[in-house]
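# Secondary and tertiary structure notes
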Amino acid sequence: MVVRVNRGPGSEAPDARNRDLSDPAAAGAEGSAGPETNGFALASLLLGIFWLFGLGSVAAIYLGIRALNQIQRAEGQQTGGALAWGGICAGIFGLFSVGLVIAVAVKA
């Protein structure tokens, strides 16, 4: 689709409104680099991996769920669903590990 703006005779100056929108280079010329990664998803994964036991696991689950909600509402403007799911899974694993350690300590 080509958008042309008629500004009268003799007006041949290039304008951002006079461009071919079907050209990907022209359509993205304003600096849109594509979807960005959700920060909560990244934080969820990092907390789930590096702070595996205790509050880090709870925070990883919370941030992962929050990230998934934000990504869903962003309608393609954010990515990171796999990071969020990774953080949720690592958080759940951390909570089960804490439960196992407590169960072994109580039994001993």
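Please refer to the structure higher up on the page.
### What to know about the overall build of the chain
- Regarding its fold elements, the chain presents 4 helices and 4 strands.
- Element order for the chain, N to C, with α for helix and β for strand: β-β-α-β-α-α-β-α.
- Pairs at least 24 apart in sequence give 54% of the contacts found in the chain among residues at least 6 apart.
- Carbon and sulfur atoms make up 66% of the accessible area of the chain, which totals about 7500 Å².

### Considerations on the side chain of Asn 38
- Looking at the element boundaries, Asn 38 is found in the loop between β3 (36-37) and α2 (39-50).
- Asn 38 gets classed as buried once you look at its relative accessible area, which sits at 1%.
- For Asn 38, the side chain forms a polar contact with the main-chain nitrogen of Phe 40, separated by 2.7 Å.
- Only 2.9 Å separates the side chain of Asn 38 from the side chain of Gln 70, close enough to count as a polar contact.
- Residue contacts for Asn 38: discarding those within four places in its chain leaves Ala 67, Gln 70, Ile 71, Gln 78 and Thr 79.

What counts and how
Just so you know, the residues in each chain are numbered from 1, in the order the chain's sequence is written. Since the coordinates come from a predicted model, pLDDT governs what is reported: local features require at least 70, and pairs of side-chain atoms require 80 or more to be given and counted, while whole-chain, interface and lining totals use all residues. By convention in this description, side-chain values take in all heavy atoms of the structure and omit both hydrogens and water. Secondary structure follows DSSP: runs of H or I at least 4 residues long count as helices, runs of E at least 2 residues long count as strands, and numbering of each begins at the N terminus. Contact criterion: two residues are considered in contact whenever any of their non-hydrogen atoms come within 4.5 Å of each other. Using a 1.4 Å probe, the Shrake-Rupley method yields the accessible areas, and only the shown protein chains count as cover for residues. Burial classification: accessible surface area is computed with a 1.4 Å probe over protein chains only, and a residue below 20% of its type maximum counts as buried, one above 50% as exposed, and the rest as partly exposed. Two N or O atoms form a polar contact when they lie within 3.5 Å of each other; inside protein one atom must be a possible hydrogen donor and the other a possible acceptor, and for residues adjacent in sequence the pair counts only when both atoms belong to side chains.

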